[in-house]
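# Coordinates in review
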Protein chains: 4
Amino acid sequence: MPSTSLCQEEACLPYSLMDDYSEGAHPQILEALLRTNSTQQATYGTDEYSDNARQLIRNKIGCAEDEADIFFVPSGTSANLISIASCLRPYEAVITLESGHIACKEAGAIEATGHKLILVPAVDGKMTPTNLQKAIQQNQFFPHMAKPRLLYISNASETGTVYTKRELSNLSAICKQSNLLLLMDGARIGTALCSVKNDLTLRDIFEMTDIFWIGGTKAGALMGEAIVVKQHLAEGFVFHLKQHGALLAKGRILGVQFMELFKSDLFFTLATHANEMAQKISINLEKLGYRLAADTETNQVFVILPQELVRRLQDRFRFYTWEQLDDGNAVVRFVTSWATDELQIDKFNAWVQQWTAAAK
Amino acid sequence: MPSTSLCQEEACLPYSLMDDYSEGAHPQILEALLRTNSTQQATYGTDEYSDNARQLIRNKIGCAEDEADIFFVPSGTSANLISIASCLRPYEAVITLESGHIACKEAGAIEATGHKLILVPAVDGKMTPTNLQKAIQQNQFFPHMAKPRLLYISNASETGTVYTKRELSNLSAICKQSNLLLLMDGARIGTALCSVKNDLTLRDIFEMTDIFWIGGTKAGALMGEAIVVKQHLAEGFVFHLKQHGALLAKGRILGVQFMELFKSDLFFTLATHANEMAQKISINLEKLGYRLAADTETNQVFVILPQELVRRLQDRFRFYTWEQLDDGNAVVRFVTSWATDELQIDKFNAWVQQWTAAAK
Amino acid sequence: MPSTSLCQEEACLPYSLMDDYSEGAHPQILEALLRTNSTQQATYGTDEYSDNARQLIRNKIGCAEDEADIFFVPSGTSANLISIASCLRPYEAVITLESGHIACKEAGAIEATGHKLILVPAVDGKMTPTNLQKAIQQNQFFPHMAKPRLLYISNASETGTVYTKRELSNLSAICKQSNLLLLMDGARIGTALCSVKNDLTLRDIFEMTDIFWIGGTKAGALMGEAIVVKQHLAEGFVFHLKQHGALLAKGRILGVQFMELFKSDLFFTLATHANEMAQKISINLEKLGYRLAADTETNQVFVILPQELVRRLQDRFRFYTWEQLDDGNAVVRFVTSWATDELQIDKFNAWVQQWTAAAK
Amino acid sequence: MPSTSLCQEEACLPYSLMDDYSEGAHPQILEALLRTNSTQQATYGTDEYSDNARQLIRNKIGCAEDEADIFFVPSGTSANLISIASCLRPYEAVITLESGHIACKEAGAIEATGHKLILVPAVDGKMTPTNLQKAIQQNQFFPHMAKPRLLYISNASETGTVYTKRELSNLSAICKQSNLLLLMDGARIGTALCSVKNDLTLRDIFEMTDIFWIGGTKAGALMGEAIVVKQHLAEGFVFHLKQHGALLAKGRILGVQFMELFKSDLFFTLATHANEMAQKISINLEKLGYRLAADTETNQVFVILPQELVRRLQDRFRFYTWEQLDDGNAVVRFVTSWATDELQIDKFNAWVQQWTAAAK
């Protein structure tokens with residue numbers, strides 16, 4: 001049995017809180033792949049399962065078939081680069097946070113499609129109306145400057161915060177005024193929608209954006225993201241998928257997974273679990289007197305810990321150190337997911353509590 | 001049970017011989033995904049399964065770890081565009097058959113990375129030394145012409161034929177002389193290697209090319225292709241994967257599948273089955289007096305059939321009509337695969353025999 | 001005086017009939033640059049001279065200011081790549097002759113902007129309706145094929161032939177039916193319009209195409225081409241110029257030259273001279289019994305000559321050998337221009353006549 | 001006489017201090033174009049004048065023919081995008097100041113070739129070693145981040161300051177350590193080298209950079225920039241020129257102009273004049289008590305003036321308002337050039353002095 005010979009969980013490595021994609025897929029999803037495996041299906045996304053998944057997602061949004069088209073792609077970077085390349089002309093630019101995933105974690109994928117990024121500083125991990133308007137105003141010296149044409153935001157944000165209805169509505173209004181399209185990266189849209197701070201519905205997001213995508217990879221699927229495109233922008237979209245290698249021959253495997261996530265509320269149930277696990281960590285840390293570096297609104301906890309605690313904790317858990325601070329502390333990140341084992345979180349909390357008590 | 005409600009095989013559609021990716025994955029592969037599902041793994045292709053799969057593939061090739069690097073990508077178009085974009089400078093061009101997959105079935109994916117294609121007519125679906133040399137000679141008016149720098153071929157070819165050792169060796173020698181890299185698209189390399197006409201080993205291919213890839217999608221995997229890159233071309237390759245959205249967060253799912261295909265001889269067993277099914281069709285058609293439009297060397301049968309037979313056959317089986325001929329006949333294509341049900345092939349053969357007898 | 005020390009015409013090299021851009025500019029054009037040199041002008045194409053030149057060109061076309069926008073660029077390759085990149089979406093392709101300038105003389109410039117070329121064989125150097133329709137039909141397997149969206153033709157063609165009104169009208173009609181844009185490369189549009197075979201007006205061309213450009217470089221300017229863009233395609237065009245380095249800070253120098261070419265009929269006078277010089281060569285060669293390889297309709301003469309004549313002629317004149325034929329003959333090309341010295345043509349004709357007489 | 005009918009200097013518009021490219025070319029350059037106009041020359045940059053100009057530039061640098069290749073292009077944006085695209089692989093990024101010309105004045109030209117820009121804040125208009133190292137360190141999370149591979153700087157900088165030998169040497173050392181290429185944009189390299197603050201020679205610049213270019217457009221030419229490329233980076237460079245439309249058929253016109261600029265010291269004489277005119281403005285303004293917004297080291301004066309003065313001055317001179325300050329003042333920019341009329345500068349100074357006296 002290869003999995004055993006390669007890695008016995010307990011034996012080989014400390015429990016990981018590094019990210020939300022260290023495990024495979026939720027068992028129900030694998031089961032659905034098995035169940036549907038032997039049927040013969042049309043290819044390249046025209047199979048019954050993909051059609052069915054599209055309809056289930058439209059139902060959750062509350063939109064008609066002729067309001068939105070939905071495309072499945074294998075990765076978040078695919079989703080971003082295809083969405084952007086599909087609706088921009090060569091001289092048009094994207095406004096994004098400096099910390100935006102496309103700005104600093106996708107190896108220049110957007111620029112590789114020819115488009116400039118205009119960088120804006122984040123406030124609480126988010127784009128603000130003021131900063132957006134400033135960026136628009138500072139990029140009007142035409143034709144010497146690329147033309148701002150699309151605002152890219154992520155919900156949940158890179159630091160795990162969420163956009164409120166009012167915040168998104170304000171950004172959306174500025175975009176409409178300034179003739180910008182609005183693209184929401186939803187790699188973690190599940191945890192955003194299930195955040196206690198959230199007051200947005202999928203329908204709100206659909207109305208306030210032009211394109212948004214629903215992340216499957218971080219939400220319990222093997223892989224796959226569903227891009228929801230307003231109908232007037234959908235023409236030709238499938239060519240972009242093909243051209244960028246994102247149109248899988250067996251599109252069914254993406255369809256089946258999203259069908260499973262959305263035929264009931266599995267998608268939201270899993271996101272809620274991830275959020276709750278993060279809350280458990282966050283509440284405990286605050287109770288012990290540690291200061292959060294960002295509000296814990298979804299499944300990421302950013303906290304300031306003393307170096308000694310970080311060092312000791314690394315023997316027991318894996319996680320990222322986000323930033324070394326000058327005062328001997330560090331910002332560290334703990335990420336939970338649909339797969340996070342509550343027993344491990346309890347162990348984590350207990351151990352931190354114990355260490356903290358001893359350290360006093 | 002969604003699969004039932006959506007499609008009961010017998011009830012809904014005739015049996016498909018349209019392509020080799022209408023089904024899901026071979027059961028052993030799904031089982032391997034299940035078995036390895038819950039372990040926590042490193043991400044973006046650095047997991048144990050991917051490492052293991054790389055080693056298994058290197059073993060089959062018979063090459064050392066420092067001779068070749070191996071990268072897994074989700075689709076054939078990804079494999080081609082990344083391989084080409086990774087080793088060409090902007091003004092360098094690709095020589096390909098007019099019928100090459102990159103020339104007419106990938107929506108301009110190579111040109112989208114900025115590279116020109118130089119088109120060459122096929123002979124028996126293949127590139128010939130004469131045609132290759134002619135193309136090189138006709139593209140030397142520098143700097144007004146893009147510089148030929150890479151030869152792209154597919155094995156098996158688009159019409160299912162295979163390159164012999166002598167043929168590949170001749171092309172490889174010209175490439176070396178002319179400072180061209182050689183890339184082999186191996187979407188169907190399994191059936192090529194298992195063809196009765198084949199005299200190439202994986203090691204031969206490795207030595208005679210600079211990059212080649214091993215198709216998983218058409219060989220029983222859910223998706224995925226393994227790109228084998230000679231070490232001196234591998235630097236920076238992973239950036240290209242990332243930039244084009246082909247570096248999956250859960251790279252493990254590609255690793256697990258290739259591990260399963262190559263830990264024993266499953267990859268070759270499945271390809272052999274596909275070839276045998278095509279032989280059964282092909283032999284029967286020839287026996288009945290129908291003329292093949294291409295030699296059946298792998299898992300594709302191209303045959304010239306009368307329109308009436310084509311029409312009647314379409315009620316019973318699905319397949320592509322490749323070309324309408326002026327004489328009332330048509331070239332049609334039947335594709336078999338690892339999943340092809342031998343009973344269906346027997347039914348197919350029997351029915352064609354019956355119709356032919358009646359038609360005389 | 002550098003020009004003397006570097007090259008005294010007679011002393012250094014045989015007279016060139018290689019191309020139509022071996023000399024500088026027509027003296028009137030240089031004089032205009034001198035005359036306007038010291039005024040202060042707005043920059044990047046917004047100067048008075050460029051505005052004036054635009055108006056003069058519109059007048060020659062017979063079109064209103066709101067019907068067409070006109071942009072000046074430094075080179076023909078710039079004109080082609082910018083025109084094409086400005087109106088195609090990433091997955092859209094260009095239909096061109098195999099012998100089209102963009103297909104074989106621009107180092108892959110179009111592909112470098114991401115667009116596929118679909119190649120069609122030429123008949124008399126030109127695109128035919130039949131071949132165009134065939135290309136469209138063969139490129140409909142979407143989304144696996146790039147979508148044909150623009151037809152590129154050159155007038156005069158690469159072999160010096162011209163499109164008649166009927167021919168252009170037929171192509172234009174197919175383009176409209178098939179939702180293709182039509183771009184005419186006018187590097188030699190002057191000689192085309194002044195051909196004895198021509199029955200097109202600039203207004204016809206404007207109406208039957210979507211974008212066409214008027215070549216200055218080969219028509220007596222130092223450099224520069226004027227792109228005429230139908231208004232609905234002009235939005236954002238200037239950004240493309242800037243982005244591709246074709247928006248000159250001193251746009252005035254292009255404006256002044258086109259002003260000079262079009263304020264009177266200089267543009268046409270010069271083209272007529274070029275054509276007449278080619279006629280003199282062509283008529284003489286035919287009279288002497290040599291077979292033309294293409295009709296001499298503009299300023300290029302393609303003729304089949306015996307190798308011995310070619311060799312001897314090379315001591316006296318410079319020209320391109322286009323193709324070595326198997327029978328010991330060769331196709332050679334003689335190009336005339338606005339600058340061609342009639343005395344040299346007379347010498348050329350006399351010498352060929354003499355050689356031919358002696359050879360009999 | 002068109003120039004008269006279009007614009008009589010005094011009559012139509014106030015004297016411009018907006019930029020250094022509002023006039024045509026220095027008379028000697030036009031004269032050289034006239035003098036060389038009628039010779040027949042080889043094309044696409046292989047003419048005698050271009051060869052001669054290359055040799056003259058190499059002589060000024062003090063480098064051998066096999067140390068550097070030199071290419072002429074029509075515009076600064078061409079020079080930048082070609083230099084960068086020619087030596088970067090697709091996933092490699094450029095480090096530039098936020099205020100870099102490629103970052104904010106070239107319409108996304110670099111990104112259009114596929115490359116990411118990494119932005120760094122300027123200090124006195126310049127890149128500092130500290131900021132450069134920080135940018136390198138912050139962009140090492142591979143392969144998720146594009147790989148820093150080239151440092152782009154301008155000398156003179158966007159605010160007219162110059163790099164000292166020590167400053168350039170420090171940056172160059174970091175580049176070598178970090179495997180970065182160094183590209184210097186020399187749109188205003190003439191005024192930089194003639195600055196009283198300058199201690200760099202052309203040879204220093206050649207040694208400390210990998211590619212640098214010498215701006216002709218702002219230095220008295222009609223257009224044209226000379227790119228100096230270290231030999232090991234020059235292979236294939238000419239293809240890039242062709243592919244981007246920057247290889248002029250009549251390359252001679254660029255060669256002739258640079259020959260004229262460098263056969264004597266015209267290039268430096270003109271730059272010195274520009275600098276002196278800026279000094280006259282700058283010294284007067286400081287004497288009158290106005291605060292400079294940047295040191296006047298070359299031909300640009302950035303000064304803080306009261307709004308009322310700005311308004312009144314606009315009736316007499318044209319110039320850019322760079323930034324509105326909150327306190328009722330504004331930063332304005334005055335640019336001088338080879339063509340600046342000293343009488344106009346005297347008038348300018350006198351008028352400002354008079355206004356200031358009256359305003360007290």
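From a predicted model like this one, the values you see are computed outputs, not experimental measurements.

### So, the overall build of chain A
Scanning chain A for helices and strands turns up 16 helices and 13 strands. Taken over the C-alpha trace, chain A has a radius of gyration of 21 Å; the compact-globule value for 360 residues is 21 Å, and the two agree within 12%. Seen through its C-alpha atoms, chain A measures out along the principal axes to roughly 60 × 55 × 35 Å. The buried share of chain A, taken over its 360 residues, is 67%. For chain A, long-range pairs separated by at least 24 residues make up 72% of all intrachain contacts whose partners lie at least 6 apart in sequence.

### Notes on the pattern of salt bridges
One pass over the full model with this rule turns up 60 salt bridges over all chains. Between Asp204 of chain C and Lys165 of chain C there is a salt bridge, with its nearest N and O atoms 3.6 Å apart. On the criterion of sequence distance, the pair formed by Asp204 of chain C in helix 11 (residues 202–208) and Lys165 of chain C in helix 9 (residues 165–177) is long-range, its members being 39 residues apart. What emerges from the salt-bridge pattern is a single network uniting Arg35, Glu260 and Lys263 of chain A.

### Side note on helix 5 (residues 76–87) of chain D
Residue and element names in this part refer to chain D. Look at helix 5: 17 Å from first C-alpha to last across 12 residues, which is about the 16 Å you get at 1.5 Å a residue. Of all 12 residues in helix 5, 12 are buried, a share of seventy percent or more. Among the residues making up helix 5, those that are buried are Gly76, Thr77, Ser78, Ala79, Asn80, Leu81, Ile82, Ser83, Ile84, Ala85, Ser86 and Cys87.

### Let's talk about the relation of the copies chain B and chain A
Least-squares fitting of chain B to chain A yields an RMSD of 0.0 Å, with the transformation described by 0.0 Å of translation along the axis and a rotation of 180°. Interpreted geometrically, this transformation is the action of a two-fold axis. Residue by residue, 100% of the interface of chain B is reproduced at the interface of chain A, so both copies engage with the same surface.

### What to know about the domain arrangement of chain A
Residue and element names in this part refer to chain A. Split into domains, chain A comes out as domain 1 (2–17 + 267–359) and domain 2 (27–264). One C-alpha centre belongs to domain 1, the other to domain 2, and the line joining them spans 29 Å. If you look at the interface, domain 1 gives 17 residues, while domain 2 gives 26 residues. Both faces combined, the contact of domain 1 with domain 2 buries some 1700 Å², and carbon together with sulfur accounts for 63% of it. The three residues of domain 1 that bury the most area against domain 2 are Phe267, Phe268 and Glu297, which together make up 43% of that side's buried surface. Counting the contacts that link domain 1 with domain 2 gives 1 salt bridge. The salt bridge involving Glu297 is made with Lys197; its shortest N-O contact spans 3.4 Å. Viewed at the interface, domain 2 and domain 1 are joined by 7 residue pairs in polar contact (both at pLDDT 80 or more). Put simply, the parts of the chain that give the side of domain 1 that touches domain 2 at least two residues each are helix 14 (266–287) and strand 10 (300–306). Looking at the side of domain 1 that touches domain 2 element by element, the count peaks at 7 residues for helix 14.

### Re the interface of chain B and chain A
Each side of the interface is counted separately: chain B has 60 residues, and chain A has 60 residues. Counting each side, the surface lost to burial between chain B and chain A is near 5100 Å², with a carbon and sulfur contribution of 59%. For the pair chain B and chain A, the number of links is 26 residue pairs in polar contact (both at pLDDT 80 or more). Put simply, the parts of the chain that give the side of chain B that touches chain A at least two residues each are helix 1 (2–6), strand 1 (15–16), helix 3 (27–36), helix 4 (48–61), helix 5 (76–87), helix 7 (109–112), helix 12 (237–243) and helix 13 (252–263) of chain B. Ranked by residue count, the leading element in the side of chain B that touches chain A is helix 3 of chain B, at 5 residues. Counted by class, the side of chain B that touches chain A contains 27 nonpolar, 21 polar and 12 charged residues.

### Considerations on the environment of Leu222 of chain D
By the secondary structure assignment, Leu222 of chain D is in the loop between strand 7 (211–215) and strand 8 (225–230). Sequence separation between Leu222 of chain D and Ile345 of chain D is 123 residues, and the spatial gap between their C-alpha atoms is 23 Å. Leaving out residues up to four positions away in the same chain, Leu222 of chain D has contacts with Leu33, Leu222, Lys250 and Ile253 of chain C together with Gly24, Ala25, Leu30, Leu33 and Gln257 of chain D.

### Topic: the interface of chain A and chain D
In this assembly, 20 residues from chain A lie in contact with 20 residues from chain D. With both chains or domains summed, chain A and chain D bury close to 1400 Å², and 56% of this area falls on carbon and sulfur atoms. A per-residue breakdown of the area chain A buries against chain D is headed by Ala107, Glu111 and Lys116 of chain A, which together make up 34% of the total. Run the count over chain A and chain D and you get 2 salt bridges. Residues Lys116 of chain A and Glu111 of chain D are paired through a salt bridge, measuring 2.8 Å at the closest nitrogen-oxygen approach. Summed over the shared surface of chain A and chain D, the result is 8 residue pairs in polar contact (both at pLDDT 80 or more). Residue assignment for the side of chain A that touches chain D shows that the elements contributing at least two residues are helix 6 (101–104), helix 7 (109–112) and strand 4 (117–120) of chain A. Per element, the largest residue contribution to the side of chain A that touches chain D is 3 residues, and it comes from helix 6 of chain A. Looking at the side of chain A that touches chain D residue by residue, the classes come out as 12 nonpolar, 4 polar and 4 charged.

### Structural notes on the side chain of Arg54 of chain B
Here Arg54 of chain B lies in helix 4. In this view, Arg54 of chain B contacts Gly45, Ile70 and Phe72 of chain B; residues no more than four positions away in its chain are not counted.

### Comments concerning the state of the cysteines
Counted by the stated rule, this structure contains 0 disulfides over all chains. Just so you know, Cys194 of chain A is unpaired, no disulfide at all, and the nearest cysteine sulfur is the one on Cys63 of chain A, 19 Å from it.

Criteria and cut-off values
The numbers attached to residues start from 1 for each chain and follow its sequence in the written order. In the order they appear in the text, chains get letters beginning with A and ligands get numbers beginning with 1. Residue-level local features of this predicted model are given only where pLDDT is at least 70; pairs of side-chain atoms are given and counted only at 80 or more, and the full residue set underlies all totals for whole chains, interfaces and linings. For the side-chain quantities, the full set of heavy atoms in the structure was used; hydrogens and water were omitted. Here a helix means four or more residues in a row that DSSP labels H or I, a strand means two or more in a row labelled E, and each is numbered from the N terminus. The globule rule used here is 2.2 Å times the number of residues to the 0.38 power, and the radius of gyration it is set against is calculated over C-alpha atoms. Buried residues are those whose accessible area, probed at 1.4 Å on protein chains only, stays under 20% of the maximum for their type, while exposed residues exceed 50% and partly exposed ones sit between those limits. The contact rule is simple, with two residues in contact once any of their heavy atoms fall within 4.5 Å. Should a side-chain nitrogen of Lys or Arg be within 4 Å of a carboxyl oxygen of Asp or Glu, the pair is scored as a salt bridge. By this rule the span expected of a helix is its residue count minus one, scaled by 1.5 Å. Superposition of the copies was done by least squares, using only C-alpha atoms of residues whose pLDDT is at least 70 in both. Residue ranges assigned to each domain were obtained from an automatic or database domain assignment. Buried area: the sum, over both parts, of the accessible surface (1.4 Å probe) that disappears when the two are put together. Two N or O atoms count as a polar contact when they lie within 3.5 Å, although within protein this holds only if one can serve as hydrogen donor and the other as acceptor, and sequence-adjacent residues are included solely when both atoms are side-chain atoms. Under the grouping applied here, Gly and all other residues not named as nonpolar or charged are polar, the nonpolar ones being Ala, Val, Leu, Ile, Met, Phe, Trp, Tyr, Cys and Pro and the charged ones Asp, Glu, Lys and Arg. For the purposes of this analysis, a disulfide is any pair of cysteine sulfur atoms at a distance within 2.5 Å.

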